[in-house]
Amino acid sequence: MSINSLGLYNYWIYGFVLVIGLYAVLVKGNYVKRMIGLSIFQGAAFLLYITMDKIEGGTGPIFVTPPQPGDLFANPLPQVLILTAIVVGIAVTALGLAITIRIKEEYGTIEESEIREVDRQA
Amino acid sequence: MSLLEWVAALFLVCGGFFVLVGGVGMLRMPDLYTRMHAASVTETMGTLLIMTGLILIAGWTLASVKLFAILLFLLFTGPVASYAVANTALIAGIKPQLAEDGPQIGGPEVPRP
Amino acid sequence: MITVLGLFTLTFLVIAALATVQSRNLFVASMWFCIFSLMMAANFLILDAADVALTEAAVGAGVSTVLFMGALSLTAEHEHVRERSGWLPALVLGLLFAVLFAASFEQPRLGDPLAPVHQHVAPFYLSETPRLIDIPNVVTAILASFRGYDTLGEVLVVFTAGIGVLSVLSFSPKKNQQLSGEGVAERVRGVQHHAILRVAGKLIIPLLMLFALVVQFHGEYSPGGGFSAGALFAAAVMLYGILEGADRSAKAMPQDWMLRLAALGAMLYIGVGIVCMMLGGNFLDYSVLSSKPVAGQQLGILLVEFGVGLTVSTVLIMIFNAIANRSTY
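Residues numbered from 1 in each chain as written. Chains lettered and ligands numbered in written order. Predicted model: local features only at pLDDT ≥ 70, side-chain atom pairs only at ≥ 80, totals over all residues.

What follows covers the overall build of chain B. For chain B, the count of helices and strands is 3 helices and 0 strands. Counting across all 113 residues of chain B, residues that qualify as buried make up 12%. For chain B, restricting intrachain contacts to residue pairs at least 6 apart in sequence, the fraction spanning at least 24 positions comes to 63%. (Helix = DSSP H or I, 4+ residues; strand = E, 2+ residues; numbered from the N terminus. Buried ≥ 20, exposed ≤ 12 C-beta atoms within 10 Å, placed from the backbone. Contact = placed C-beta atoms within 7 Å.)

The following block contains the structure:
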């Protein structure tokens, strides 16, 4: 049994975690919970890309010894994309959290229903 | 398998046993402080035995030195983290459950005044 | 055996995601998110992506949790129970999951060497890196040299997010929400009553900074590079801020200097590109930086990765100081 017995399990997990993250963004009224859901959604997207790079019998794309023609290496390209995407994701999450802090200071709450109440009365 | 590999396998199995003990203890203990006690078994004995087994398998390579450094860091920070959680719980007002409060296995943790 | 490990981490990922969304207490939700990120990092390691696992562990399980908890200490602890009626989003999301599930059957199974993704560009990168750039870490070679434009864009996005946070949080809070007189006097700074935490933490901070520098400059030979190193260095400064109080960390790393260093990192990246143009090559074509093209590529990658690490670390430190020094409550 090798890693390939997992078959398509990675893709099903990716779909499920994506849907969980989107559910948090759409249904929950609390803004911080929505930011957490957005981060979970991003994590699922990372999982899809890194799933694509695995080769059976290969190692990581680092040449510890000079490469022979028969060696198999994992695909380095999705790793490059996700490496930058992780840091950009945290920067965007931090911006979202800063806006949430300002909303709390102005409205006194971070629940969407209560914010609508305050806006309706204003 | 040579003798070294048998000894390493013994260390790994014992380490796994202690991790399992820690996990079962976390579920079965009645109170936050006793659960922290169970968790600290995992991070000391479990870490020590598993890392020793891995170092024996790796032999005299650079990987052994790195594993030893990881072991030192884990032994250093793990108990500090347990202390931090237990101390914060005490300051937050969660009182340890004493024998005269009666049996109360599991259940959610409520801070009592 | 690795199948069992893969199964475990993937399934625990779903459990952690469900627990995160379900918890009412937001601190508990952010801790579950930390566990989710750690499981994601373990999963990346099983799938042979070492750089990405290092970055995800440093960023997701480290920096992200601290930022969430910092924001939560300023906003709210509990989530209110009232939600909108969730049947329409649940229906749409169920349809989405069904579509993704049906589409997954046309994907190549995990590890297939004949998958289309392995056929076109990847063999070119794997075969050309020893010839053109000659560094062992192919991921760093692609990040800094072959796909240098994309990385330049990412660095600028990180810098923009830092500016955004500074501009949003530059409005001071309303007068009636500031601390009262006796509250300021009694406020404990950092964790100064916990001697064990302070000693242990302060012993770890220099080692963490040293490790960040190793990851930064060793990124051509082992997993690492500018992004992970920046996150690790920011994590060291955040640890100092948590232990000694955020005002001390803001004094140690002043906001305006962090802004200047972040701009310097981005300008270093662009500057290397412009120097390449002035020396006769294209923008970000490092071969002209030295008499031998291979040495020029390596010099270019070193400088560019340093620029990336500088910008990422200073932006994350800036964001932490801005959030942690907010004086409401």
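Now that the structure has been shown, we can carry on.
At the junction of the two partners, chain A supplies 82 residues and chain C supplies 93 residues. Where the side of chain A that touches chain C is concerned, the elements lending two or more residues are helix H1 (9–27), helix H2 (31–51) and helix H3 (76–107) of chain A. Among the elements that make up the side of chain A that touches chain C, the one with the highest residue count is H3 of chain A (24 residues). Tallied by class, residues from the side of chain A that touches chain C come to 52 nonpolar, 21 polar and 9 charged. (Nonpolar A, V, L, I, M, F, W, Y, C, P; charged D, E, K, R; others polar.)

All names here are of chain B. Residue placement: Leu12 occurs in helix H1 (residues 3–28). Judged by the 18 C-beta atoms lying within 10 Å of it, Leu12 is partly exposed. The spatial distance from the C-alpha of Leu12 to the C-alpha of Gly46 is 8.9 Å, given a sequence separation of 34 residues. Excluding anything up to four places from it in sequence, Leu12 contacts Ile50 and Gly53.

So, about helix H3 (residues 62–92) of chain B. Spanning 31 residues, H3 of chain B covers 45 Å between terminal C-alpha atoms, matching the ideal 45 Å at 1.5 Å per step. Gly93 of chain B sits one or two residues past H3 of chain B and shows a positive phi near 110 degrees. (Expected span 1.5 Å × (residues − 1).)

Another aspect to go through is the nonpolar core. Grouped together as the largest cluster of nonpolar side chains are 131 residues, with contacts concentrated most on Val63 and Ala231 of chain C. In this structure, this core is formed jointly by two domains, domain 1 (1–78) and domain 2 (135–329) of chain C, each of which donates at least three residues. Every residue in contact with Val63 of chain C, bar those within four places of it in the chain, is listed here: Ile90 of chain A together with Ala58, Ala231, Ala234, Ala235, Met238 and Leu316 of chain C. Counting residues in hydrophobic clusters, the runner-up holds 7 residues, among them Ala8, Leu49, Ile55 and Leu67 of chain B. (Core = buried A, V, L, I, M, F, W, Y, C linked by C-beta atoms within 7 Å. Domains from an automatic or database assignment.)

Another point: the confidence of the model for chain A. Model confidence for chain A is summarised by a mean pLDDT of 86, while 96% of its residues fall at 70 or above. The secondary-structure element of chain A with the lowest mean pLDDT is helix H4 (residues 112–121) of chain A, recorded at 83, while H2 of chain A shows the highest, at 92. (pLDDT = per-residue confidence, 0-100.)

Residue and element names in this part refer to chain C. Two numbers describe how helix H2 (residues 26–46) lies on helix H3 (residues 50–74): the axes approach to 8 Å, and their chain directions differ by 175 degrees. The pairing of H2 with H3 is recorded here as roughly antiparallel in orientation. Of the residues in H3, those in contact with Leu26, Phe27, Ser30, Phe33, Cys34, Ser37, Leu38, Met40, Ala41, Phe44 and Leu45 of H2 are Ala50, Val52, Ala53, Glu56, Ala57, Gly60, Ala61, Ser64, Thr65, Phe68, Met69 and Leu72. Looking at the contact of H2 with H3 residue by residue, the class counts come to 17 nonpolar, 5 polar and 1 charged. (Axes fitted to C-alpha atoms, helices over the stretch in contact; angles between N-to-C directions. Parallel < 35°, antiparallel > 145°, perpendicular 65-115°, else oblique.)

The next thing to look at is the interface of chain B and chain C. With 6 residues of chain B at the contact, the number on the chain C side is 5 residues. Across the side of chain B that touches chain C, the residue classes tally to 4 nonpolar, 2 polar and no charged.

Residues and elements named next belong to chain C. Backbone geometry places Asp48, a non-glycine residue, at a positive phi of 70 degrees. Position of Asp48 relative to the elements: it lies in the loop between H2 and H3. A residue is classified by how many C-beta atoms lie within 10 Å of it, and Asp48, with 23 of them, is buried. With a phi close to 65 degrees, Leu284 is a non-glycine residue in the positive phi region. Here Leu284 is to be found in the loop between helix H12 (255–278) and helix H13 (293–324).

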